[in-house]
Amino acid sequence: MPTTSQPSAADLHVDRLLSMVSVAYMNPDDGYVADQVFPTIVVNKQTDQVAKYKKEDFFKNVAQLRAPGTKSTGYGWRVDSAVTYHCLQYATHIDVPDEVRGNADTPFAPDRDSTMLIVDRLKLKRELAWASDFFTTSVWGTDVTGGTDFTQWDNYGSSNPILDFQTGVDTIHSTTAIEARNALFGRQVWSKLRHHPLLIERIKYTQRGILSKDIIASLLDLDKILIGNAIYASNQDGATAAYSYVFGKNVLLYYAPARPGLMVPSCGYTFHWKVFGSISSIRRVRLVEEMADRLVGYTAFDQKAIATDVGYFFSAAVS
């Protein structure tokens with residue numbers, strides 16, 4: 001019998017983009033922590049000065065006995081005028097030609113996609129700047145190094161992170177009268193610490209043996225834990241892709257108030273110059289001759305350590 005001619009499946013279907021799914025990699029919002037460590041102050045001017053009192057003046061025992069008809073002893077207070085900020089501007093842009101926008105198939109949306117990418121790049125800029133400037137030694141009041149000043153916490157048999165954190169809290173309190181109850185962990189430290197047998201031992205009769213962030217905060221007597229989860233491409237353009245964590249194998253124990261205020265110490269502040277609007281701002285500029293829209297992202301900020309004596313830095317906390 002003659003073979004009946006039939007179309008193939010490929011003859012009857014032309015592949016098109018699915019409209020309900022796409023794939024893109026980026027750091028999640030909760031992976032960025034730089035904007036959460038230092039309280040943010042929105043400022044009107046690019047540069048200004050921060051009022052800071054001399055710490056020792058508030059701890060001096062100067063009240064003396066006074067005999068009738070005599071003067072009291074006088075002792076005032078002084079100002080440290082060296083604290084200033086200078087918000088530098090950073091910007092990046094993506095051009096969206098009319099032809100690209102008009103020819104884009106769902107799920108691509110050039111304006112939306114470009115806006116998301118620009119905002120993410122501005123966040124990453126602040127994250128990398130913060131880690132480079134403050135998640136390192138020779139910044140805070142006390143530096144301790146794993147393997148030298150304390151046993152690294154992935155040495156489960158010999159280390160005691162609970163005691164190490166208490167030492168840090170007490171060290172800060174001894175010169176500031178401040179209880180430092182916040183900590184920022186690099187992810188590589190957190191991944192090892194959450195499996196520490198000493199911590200698990202403390203909860204094994206009351207919990208399921210799983211150390212959540214809240215439980216570890218309670219065990220270390222902390223109010224707030226941040227984990228630096230962000231990664232970035234560390235290779236040069238054109239080279240093989242290489243990825244690194246923004247925050248290394250370190251931990252910062254610190255104090256920062258819930259919000260800025262008068263006569264309140266803080267480990268630091270992020271000053272945001274509001275000239276462009278929000279701390280991550282997007283403006284659309286029409287390129288007439290190119291028949292395109294330029295989406296420009298701006299951020300203007302200065303991340304500034306203010307009271308370094310309320311910071312205690314654990315470097316190389318794990319191997």
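Residues numbered from 1 in each chain as written. Predicted model: local features only at pLDDT ≥ 70, side-chain atom pairs only at ≥ 80, totals over all residues. Heavy atoms only, no water.

Engineer: When you look at the overall build of the chain in this model, what are you seeing that I'm missing?
Structural biologist: When you go through the chain residue by residue, the secondary structure sums to seven helices and 16 strands. A globule of 319 residues ought to have a C-alpha radius of gyration of about 20 Å, yet the chain, at 27 Å, is considerably larger. Considered along the principal axes of its C-alpha atoms, the chain spans approximately 125 × 60 × 35 Å. Put simply, the chain has 319 residues, and 36% of those count as buried. Here the chain has roughly 19,100 Å² of accessible surface; of this, 52% comes from carbon and sulfur atoms. Looking at the chain, you have 32 positive and 34 negative side-chain charges, and the mean spots of the two groups are 7 Å apart. (Helix = DSSP H or I, 4+ residues; strand = E, 2+ residues; numbered from the N terminus. Rg over C-alpha atoms; globule rule 2.2 N^0.38 Å. Buried < 20%, exposed > 50% of the residue type's maximum accessible area, 1.4 Å probe, protein only. Areas by Shrake-Rupley, 256 points an atom, 1.4 Å probe, with all protein chains shown as cover. Lys, Arg positive; Asp, Glu negative; His and termini not counted. Charge placed at Lys NZ, Arg CZ, Asp CG, Glu CD.)

Engineer: Teacher, can you tell me more about the pairing of strand 12 (residues 251-254) here?
Structural biologist: Put simply, side chains in a regular strand alternate between the two faces of the sheet. Going residue by residue along strand 12, you find Val251 and Leu253 tucked away on one face and Leu252 and Tyr254 tucked away on the opposite face as well. Looking at chain direction, strand 8 (residues 182-186) and strand 12 are connected through four bridges and run antiparallel. Bridge pairing links asparagine 182 to tyrosine 254 in strand 12. Here strand 12 pairs with strand 16 (residues 311-315) via four bridges, running antiparallel. (Pairing = 2+ DSSP bridges.)

Engineer: Teacher, can you tell me more about the nonpolar core here?
Structural biologist: Side chains of a nonpolar character, in soluble globular proteins, are inclined to be buried together. In terms of nonpolar packing, the biggest core is built from 55 residues, with Trp130, Trp153, Phe165, Phe185 and Phe314 touching the most fellow members. Each residue touching phenylalanine 314, except ones within four places of it in the same chain, is listed here: Val144, Phe150, Trp153, Asp164, Phe165, Asn250, Val251 and Leu253. Grouped together as the second largest cluster of nonpolar side chains are 13 residues, Tyr85, Trp273, Ala300 and Ile306 included. (Core = buried A, V, L, I, M, F, W, Y, C linked by side-chain atoms within 4.5 Å. Contact = heavy atoms within 4.5 Å.)

Engineer: Sorry, what's going on with the sheet that holds strand 16 here?
Structural biologist: Working definition: the strands of a sheet are paired by backbone hydrogen bonds and lie parallel or antiparallel to each other. With mixed pairing, the five strands of this open sheet are ordered in space as 7-16-12-8-9. Each of the sheet's edge strands pairs with one partner strand only, and the pair in question is strand 7 (142-145) and strand 9 (224-228). Each strand axis lies, on average, 15 degrees off the axis of its neighbour in the sheet, ignoring direction. As paired strands, strand 8 and strand 9 are joined by five bridges and run parallel to one another. In the strand pairing of strand 9, leucine 184 is matched with leucine 226. (Axes fitted to C-alpha atoms, helices over the stretch in contact; angles between N-to-C directions.)

Engineer: What is the right way to read the side chain of arginine 181 from this model?
Structural biologist: Looking at the element boundaries, arginine 181 is found in the loop between helix 4 (161-176) and strand 8. Reaching out from arginine 181, the side chain makes a polar contact with the side chain of aspartate 221 at a distance of 2.9 Å. Beyond its immediate stretch of four places on either side in the chain, arginine 181 contacts Val169, Asp221, Leu222, Asp223, Lys224 and Tyr254. (Polar contact = N/O pair within 3.5 Å; in protein donor to acceptor, adjacent residues only side chain to side chain.)

Engineer: When you look at the pairing of strand 16 in this model, what are you seeing that I'm missing?
Structural biologist: Taking burial as the measure, the five residues of strand 16 include five buried ones, the bulk of the element. Judged by which residues are buried, strand 16 turns out to be covered on both faces: Gly311, Phe313 and Ser315 on one side and Tyr312 and Phe314 on the other are all buried. Both strand 7 and strand 16 contribute to a ladder of four bridges, which runs parallel. Paired with valine 144 across the strands is phenylalanine 314, a residue of strand 16.

Engineer: Could you clarify how one ought to interpret unusual backbone geometry in this entry?
Structural biologist: Where the residue is not glycine, phi is negative for most of them; where a peptide bond is considered, it is trans in most cases. Here the residue pair threonine 106 and proline 107 is connected by a cis peptide bond, since its omega of 15 degrees sits within 30 degrees of zero. Tracing the sequence through the fold places proline 107 in the loop between helix 2 (98-103) and helix 3 (110-134). A positive phi angle, near 65 degrees, is found at serine 138, a position not held by glycine. On the secondary structure map, serine 138 appears in the loop between helix 3 and strand 7. Taking relative accessible area as the criterion, serine 138 reaches 70% and is therefore assigned exposed. Notably, alanine 316 is not glycine yet its phi reads approximately 50 degrees, a positive angle. Following the sequence through the fold, alanine 316 ends up in the segment after strand 16.

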